Amino acid sequence: MTQIPPMSGPYMRKNKSVRRSMLIVMAALTPATAYGFYLFGWPSIILFSITLGSALIFEVICLLLAKRSVSMFALDGSAILTAWLLAISLPPWAPWWIAVVGSAIAIIIGKQVFGGLGQNVFNPAMVARVALLISFPLEMTTYMQPLPLFSDAAPTFMDSVAIVFGMGNFDAVSSASLLGTIKTDLGQGMALGEIMDGRYAPMDWILGNSISSIGEGSALLLIVGGIALIFGRIITWYIPVSTIVALVFIATIFNIIDPGKYPDAMVHVFSGATILAAFFIATDPVTSPMSPKGQIVFGIGLGLLVYIIRTWAAYPEGVSFAILLMNAMTPLIDRYVRPRIFGRTQKGAPLNLSEKS
Amino acid sequence: MEIFNIHGGAKLDGRKSLTADLDIITMPIPDILHIPLQQHIGAPAEAIVNHGDRILKGQLIATSKGLISAPVHSPTSGTVKRIGDFPAPHPSGLPVLTLTLEPDGLDEWAKLPEPLNIETATSQEIADRVSQSGIVGMGGATFPSAVKLNLGQRYKLEMLVINGAECEPYLTCDDRLMQERTEKTVMGIKVMMKALGVPKALVAIESNKPNAFKAMEKECIHDDNISIVHVPARYPMGSEKHLVQALTGKETPAKGMTADLGVVVHNVATAFAVYEAVYHGRPLISRIVTVSGQVIKKPGNYETLIGTPVSSLINMSGGMTDTPKQLLMGGPMMGQPLPNLDVPVIKGSGGVLALNDTEMKDKNVMPCIGCGSCVMVCPVGLLPLDMASRIEHEDVDGADGIGVRDCVSCGSCNYVCPSHIPLVQYFNYAKGRLKEQDIDRRNQDRMKMLAQNRALRDEKTQLALERKRADREAYNAALAKMQTISNTTKENNNTGHNTTNEMDIK
C-alpha cells in the first residue's frame, strides 16, 4: 500500500510566500528611497548599502550559530527589509559605524535573540533606531539640507566615502529636523508662529524636499507605496488609517486649544516619520495585532502616543518610541480584542435566536 | 435578490475550465465493484446477501441499521464475490466492510418499487422512499437525506435551499448536472419541497457557473416558488451555514442547525437522486464524478456506478501522463488523499483528482510571521495563527478555549498562508485530541459512578452484614442467656435450692 504522509488538505495554495511579501514591501519602498538618494546624494547611498550589507552578515552569522538553514532564512528578505527600514530612518550623512551598530542591534538583539523570523516582540528596525538615538544623540539628530545628486554643491562619490567614513571635511549645512527645531525653540520660549515662520511648507514635506532621514521625507511617494501594498493585499488599511486619524484628531484638538503652542496636524502627519511608520513599520505583521479590530486599537494607540511623545516627552521624533510601546501592547490587545466567532456572541456563547428576534 | 455578506472567505483559483464544458459521459460497467457498506454518516448498513449470490441491479444488498443510517443497493447485476474488509476511500486506508461484486454485464434490473404519485404522496411517504433508496447528502457530507427531509415534523420550516454552489475548485459535476438534467433536477426539488412542506426554494449557484444558472432559470421561469440565485464565487460558499447566511442574512447559532432558522439545505445532486427514487423507484447506485487535474489525460465528468474502483475511472479518462504528486477524492480544499487506486467511488465522491507539483504549489514551511491573512479569510471568525501556535505547544485545551472546535476545516487559512503552515493539520489533530479527552473524561465519569455505586452497594452489604451479625449476636446472646437460665434451673433442680424457680415453674 502506498505510504501517505499524515497530512490534511488543502492540496492547493495561493501563490504567496514570506519572501514574496518582503520583496513587494521593498518594491513599494523603492520610490521613496530612490528619491531620498537623489536628495541626499552619495553619502546616503553608501550608508544604505553598509546597513544592508552588515545586516545580512549578522543574519548569516546568527543563523550559523543557531544551526538553522542559511539558504532558507537569510534570503527570506526579512533581514534586508529590516535593514532597509533602519537605513532610511537614519540621518543621511550619518557615519558608517552608526549603520553597522544599528544593523547589529536590529538583527542580533531585535530579532535573532528572540528566535528569528516571526518570533520577535519588537520591531527590530525600531529597536535599533531607539538604541542609536539614546546612545548617539548627536549623530542621530544631525540632519542635512538636501543637496541633490548631480547638483553642483553635492559631494562626489569620493567625497561621500570620506564623509561616511569620517575622513574628510565637507562643507554642508547641517540642521535639526523640523520637529526637533520646534521642540528646542519652544523650550527656549519662542512662539510657534515665530518658529514656523518660513518653515511652514506642507508642499515640500509632502514632496520630500525637506530636512529628513534618507527615506522618510517624501510623504507622497510613501503614501503611493503604502496604498500599493494595501491593494496588493500585503498590508491592510486598518493600521495606517487608524494611526493617521488618531494623530490628526489629537493634533487638531490641541491646535484649536492653543495654536501658539501646538503645531497643526499637517506638521505632525507630513513631517517626520509618521507616514513611513504608519504604512511600513507599524504594519510589520510580526509585531502588530492579528485581528482587524486589534489592528485598529493598535493604530489609535500609536497615533496618540506619537503625539504625546513628540509634544510632552524629551524626544521630538516620537514615532519609534511609540511603535515599541505599542509592540509591547500587542500581546495584550490580541488577548482581549478578538473577532466574534460564527454563531456565537462576542463572549463565546451560542447565539440565542429568540432573544434576537 | 439581496445577497448578504459572509465573514471572510477566500477567492480561489477555480480551475474548473478543465471539465466545465464537457458533457457527462456514462462510464461502462467495470470488471469489479467494491461497494462499502458504510458510505454515509451514521451506523453502517448490514449485508442481507451472501457470498456467491446472484444479485440484480437496484436490489437491496444491505439494510440500514438505526435511526441515522442508509441502505445500500447493487449498482448492477452480478455475483457476490466476497463480503469482507477492504480499504476505504479515506487517507487511513483502514478497511471497512465491503461487498465485492463481479458484474455479469447483463445489467439486469431488479423489480423496483412503483413510482410515487407526487400529487397524492404524503411527506412521510416521500421521506420513506428517499430513505429506502439509500440517498445521502451528495455534496460530500453523506448525511442520510431522509432524516433531513423529515425535519418539517420538528421545525417550523420556511425554505428549502438547494446547494449548487460547488465552491471546491476543479469540480464541475453539479454544474454539468444542472445543465444537462435540468428538468429532472427541478422535479426533484419540487418533491423535496413537498416533503418538507415549504412554500419556496432557492437554488444557489456560484457566479462562476453562468450556464448552469441560465439553464436552471429557464426551467423555473414559470415557477414563482423556485428562485435561482447567483452567489459570489467565494470559498467556502457551499458550506451549509454560510450559504444560508449569504441568502437570508441569518446566522445559525453554534451547535445549532440551519433548521433552527427555518431553512433546510440539500445538495443539487441529491435533488436529482430524489427525482430518480420518487419518479422511477431507482435507488442511488450511481453518481456523476469529476475526474480532473493536470496529470489526467482526458479530464471529464463521468456517470459512475457506486463501487467503481478509482483505477477504472482514471483509465476511462485516458490514464495519467505522469506520476501524480497527490491523488484525491473530492475537491482540493477538503478532499481526502487516496491510499491507493483500488479504492472505490462512493455516494459522496464528487471528484477524483490527480494533481502535480505546479498545481499544488507545495513549499517549505516557514515560521508564522503573524500577517493575519488567515484571520481575514476565516469564515468562522477564528484566529487560526493563534490556535496553531497553541497546538504546536501541545496546548490543546488553550486552542479549545479560543474555538478550535468551531473550525469547519475548510482550509481557507491554509490556502492563503504565506508561510505554508499546515494549519488544518494542526486543527484536525487538536479536534482529535479533544475528542479523545472527551471520551476519556466520559469513561472516567462512568468509572467514578460505577465505583460510587459499588461503594454504596458495599456499604449496604456491610450494613446488612452488620445487622445480620448484630441479629445473630443478639440471638446468640439470647440463646446463651436462655441456656444459662435453663442450666441454672437444671442446677437448681439438681440441687433443689432455688425456690424462686420452683415457684415460677409452679
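Residues numbered from 1 in each chain as written. Chains lettered and ligands numbered in written order. Predicted model: local features only at pLDDT ≥ 70, side-chain atom pairs only at ≥ 80, totals over all residues.

### Observations concerning the overall build of chain A
- Within chain A, the secondary structure is distributed over 17 helices and 2 strands.
- Whereas a compact globule of 357 residues would reach a radius of gyration of roughly 21 Å, chain A reaches 22 Å, a difference of no more than 12%.
- Across the 357 residues that make up chain A, the buried fraction comes to 52%. (Helix = DSSP H or I, 4+ residues; strand = E, 2+ residues; numbered from the N terminus. Rg over C-alpha atoms; globule rule 2.2 N^0.38 Å. Buried ≥ 20, exposed ≤ 12 C-beta atoms within 10 Å, placed from the backbone.)

### Focus on the overall build of chain B
- Across its full length, chain B carries 15 helices and 17 strands.
- What you see for chain B is a C-alpha radius of gyration of 33 Å, clearly larger than the 23 Å of a compact globule of 506 residues, by over 25%.
- For chain B, the spread of C-alpha atoms along the three principal axes comes to 125 × 65 × 50 Å.
- Classification of the 506 residues of chain B by burial places 51% in the buried group.
- The contacts in chain B between residues at least 6 apart in sequence include a share of 72% that link residues at least 24 apart. (Contact = placed C-beta atoms within 7 Å.)

### Digging into the domain arrangement of chain B
All names here are of chain B.
- Looking at the assigned domains, one finds that chain B contains domain 1 (127-326) and domain 2 (363-506).
- If you average the C-alpha positions of domain 1 and of domain 2, the two centres end up 45 Å apart.
- The partner domain 2 presents 5 residues to the 5 residues of domain 1 that form the contact.
- Tallied by class, residues from the side of domain 1 that touches domain 2 come to 3 nonpolar, 2 polar and no charged. (Domains from an automatic or database assignment. Nonpolar A, V, L, I, M, F, W, Y, C, P; charged D, E, K, R; others polar.)

### Comments concerning the sheet that holds strand β15 (residues 326-329) of chain B
Residues and elements named next belong to chain B.
- Read across the sheet, 6 strands follow the order β1-β14-β13-β17-β15-β16 without closing on themselves; strand pairing throughout is mixed. Across the chains shown, the open sheet's two edge strands, defined by having one partner strand only, are β1 (24-26) and β16 (336-337).
- In terms of strand pairing, β1 meets strand β14 (residues 300-305) through 3 bridges, oriented parallel. For I25, the partnering residue across the bridge sits in β14 and is Y302.
- Taken strand by strand, helix α3 (residues 173-180) contacts β1, β13 (286-292), β14 and β17 (351-355), and its axis lies near 125° from that of β13. (Pairing = 2+ DSSP bridges. Axes fitted to C-alpha atoms, helices over the stretch in contact; angles between N-to-C directions.)

### So, the interface of chain A and chain B
- Tallying the contact residues gives 36 residues for chain A and 54 residues for chain B.
- Counted by class, the side of chain A that touches chain B contains 18 nonpolar, 11 polar and 7 charged residues.

### Some remarks on helix α11 (residues 219-231) of chain A
All names here are of chain A.
- Between its first and last C-alpha atoms α11 spans 18 Å; for 13 residues at 1.5 Å apiece the expected length is 18 Å, and the two agree.
- When α11 is considered as a whole, its buried residues turn out to be A219, L221, L222, G225, G226 and L229. Down the axis of α11, the buried set is contained in an arc of 165°. They therefore lie on one face.
- Buried positions along α11 lie against α1 (18-65), α10 (202-207), α12 (238-257), α13 (265-270) and α14 (274-281).
- R233 sits one or two residues past α11 and shows a positive phi near 55°. (Expected span 1.5 Å × (residues − 1). Arc of directions from axis to C-beta.)

### Focus on the nonpolar core
- Grouped together as the largest cluster of nonpolar side chains are 243 residues, with contacts concentrated most on A87 of chain A together with V161 and A204 of chain B.
- Tallying contributions element by element places α1 of chain A first for this core, with 20 residues.
- Each of domain 1 (127-326) and domain 2 (363-506) of chain B contributes no fewer than three residues to this core.
- Not counting residues within four places of it along the chain, the set of residues in contact with A87 of chain A comprises L47, F48, T51, L52, A99 and I214 of chain A. (Core = buried A, V, L, I, M, F, W, Y, C linked by C-beta atoms within 7 Å.)

### A look at the sheet that holds strand β10 (residues 200-206) of chain B
All names here are of chain B.
- Spatially, 4 strands are ordered β11-β10-β9-β12 in an open sheet, and the strand pairing comes out parallel. The open sheet terminates on both sides in strands that have one partner only, identified here as β11 (226-231) and β12 (263-267). Looking at each pair of strands side by side, their axes are set apart by 25° on average, direction ignored.
- Pairing of strand β9 (residues 159-164) with β12, which is carried by 5 bridges, proceeds in the parallel orientation. The residue bridging L160 from the neighbouring strand is V264, located in β12.
- Strands β9 and β12 of the sheet are contacted by helix α7 (residues 268-280), whose axis makes an angle of about 80° with β12.

### Topic: the pairing of strand β8 (residues 95-103) of chain B
Residue and element names in this part refer to chain B.
- Two strands pair when backbone bridges link them, and strand β2 (residues 33-36) and β8 are joined in this way by 4 bridges, in the antiparallel orientation. In the strand pairing of β8, H34 is matched with T100.
- Pairing between strand β7 (residues 78-87) and β8: 9 bridges, direction antiparallel. Within the sheet, the bridge partner assigned to F86 lies in β8 and is V96.

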